[in-house]
Amino acid sequence: MQNIVVLISGRGSNMVAIAQACRAQRWGARVAAVIGSRAAVAGLASAAAEGITTESLAHQDYAFREAYEEALATRIDAHEPHWVVLAGFMRILTPAFVQRYLGRMVNIHPSLLPAFPGLSTHERALAAGVRVHGATVHFVTPSLDDGPIIAQAAVPVRAGDDASLLAARVLAAEHQLYPMAVRWLVEGRVRLAGERVELRASEAVATIDPARGLPGGADAALLWCP
Ligand code: GRF
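Criteria and thresholds
- Residues numbered from 1 in each chain as written.
- Predicted model: local features only at pLDDT ≥ 70, side-chain atom pairs only at ≥ 80, totals over all residues.
- Heavy atoms only, no water.
- Near = heavy atom within 4 Å.
- Polar contact = N/O pair within 3.5 Å; in protein donor to acceptor, adjacent residues only side chain to side chain.
- Helix = DSSP H or I, 4+ residues; strand = E, 2+ residues; numbered from the N terminus.
- Nonpolar A, V, L, I, M, F, W, Y, C, P; charged D, E, K, R; others polar.
- Domains from an automatic or database assignment.
- Salt bridge = Lys/Arg side-chain N within 4 Å of Asp/Glu carboxyl O.
- Buried < 20%, exposed > 50% of the residue type's maximum accessible area, 1.4 Å probe, protein only.
- 1 Å grid on protein atoms, 1.4 Å probe; cavity = no way out; pocket = protein on both sides within 12 Å on 5 of 7 lines; lining within 4 Å.
- Points joined across faces, edges and corners; volume = space filled by probe spheres on them.
- Expected span 1.5 Å × (residues − 1).
- Axes fitted to C-alpha atoms, helices over the stretch in contact; angles between N-to-C directions.
- Parallel < 35°, antiparallel > 145°, perpendicular 65-115°, else oblique.
- Left-handed = near helix turned anticlockwise from the far one by under 90°.
- Contact = heavy atoms within 4.5 Å.

Caption draft 1: Local environment of the site of the ligand. Within the structure, the ligand sits among Arg11, Gly12, Ser13, Asn14, Gly88, Ile108, His109, Pro110 and Glu174. At 2.8 Å from an oxygen atom of the ligand is found a side-chain nitrogen or oxygen belonging to Glu174. Going through the elements one at a time, helix H1 (13-24) and strand E5 (105-109) are the ones with two or more residues in the shell around the ligand. In the shell around the ligand, the residues fall into two nonpolar, five polar and two charged. Of the residues that make up the shell around the ligand, three or more belong to each of domain 1 (1-101) and domain 2 (107-226).

Right under this line is the structure:
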């Protein structure tokens, strides 16, 4: 049984999607713990409702970034994780922390990287006038919102979209993309090989399940691994 530790700072909807898929699809893994970046993180209640062990660690309690990360790593390692999953974890990580989990730590970013790293991705996508937007799951490397890409989901930008409509469409795609990508990791279908992602499966393209639907229509959404 592989252990997954998820780090969150917000509502935790991707964490719930992963935990539910992991259980329902019997990945041979479990979400061993969800760690919040402070006690008030909303997603911790959702994790508890899923029966998952929850913890929190506030950076304000530590004088230095390194001290916080050392404490965080101790908490993470106590769960003997095979995988560390960042799901809306709003902390910039030091190279030493990233190195500790290199090849075992992944993140989801709400854009089609390398477009729109950083914050306010949906607003910036609308301002840029892109026709296609989406989300990216990538291995975590020292540079922010960078790192070898495991999988991406693309959604259409529709006439009349505002940032919240677009965000909802992307989030619905994230909820299918992230569990799929973590499952690939658990099953050994993808791994980090130097600067590249090595894909060991032929399942390079998977269409989002239209039956589950996306706000505004699921027709144009695709998941793929480059
Ligand atoms: C998602 O949009 C994710 O792409 C970004 O942070 C958000 C987290 O949402 N990294 P949730 O907490 O999983 O609901």
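Caption draft 2: Local environment of the pattern of salt bridges. Following the criterion strictly, the structure yields eight salt bridges and no others. Here Glu55 makes a salt bridge to Arg75, at a shortest N to O gap of 3.0 Å. Residue Glu55 is located in strand E3 (residues 54-56), and its partner Arg75 is located in helix H3 (residues 65-77); the two are separated by 20 residues in the primary sequence. On the accessibility criterion, Glu55 (17% relative accessible area) is buried. Linking Arg183 and Glu187 is a salt bridge whose minimum nitrogen-to-oxygen distance equals 2.8 Å. On the basis of relative accessible area, Arg183 is assigned to the partly exposed category, the value being 26%. Shared partners join several salt bridges into a network, and the residues in it are Glu70, Asp77 and Arg100.

Caption draft 3: Spotlight on the side chain of Thr94. When you line up the elements, Thr94 lands in the loop between strand E4 (83-86) and helix H4 (95-100). At 2.4 Å, the side chain of Thr94 forms a polar contact with the side chain of Glu69.

Caption draft 4: How the structure looks around the layout of surface pockets. Taken as a whole, the largest pocket encloses approximately 900 Å³ of empty space. Broken down by secondary-structure element, the contributors of at least two residues to the lining of the largest pocket are H1, E5, helix H5 (121-128) and helix H6 (163-186). Residues belonging to the lining of the largest pocket are distributed by class as follows: 15 nonpolar, 15 polar and six charged. Two domains each donate at least three residues to the lining of the largest pocket, and these are domain 1 (1-101) and domain 2 (107-226).

Caption draft 5: Fine view of H3. Spanning 13 residues, H3 covers 18 Å between terminal C-alpha atoms, matching the ideal 18 Å at 1.5 Å per step. Those residues of H3 lying buried are Tyr68, Glu69, Ala71, Leu72, Ala73 and Ile76.

Caption draft 6: Summary view of the packing of H5 against H6. Packing of H5 against H6 brings their axes to within 9 Å, and their N-to-C directions diverge by 115°. Taken together, the axis directions place H5 and H6 in an arrangement best described as roughly perpendicular. Of the two elements, H5 crosses H6, and the hand of that crossing is right-handed. Contacts from His122, Glu123, Ala125 and Leu126 in H5 reach Ala163, Leu166, Ala167 and Val170 in H6. Residue composition of the contact of H5 with H6, by class: six nonpolar, one polar and one charged.

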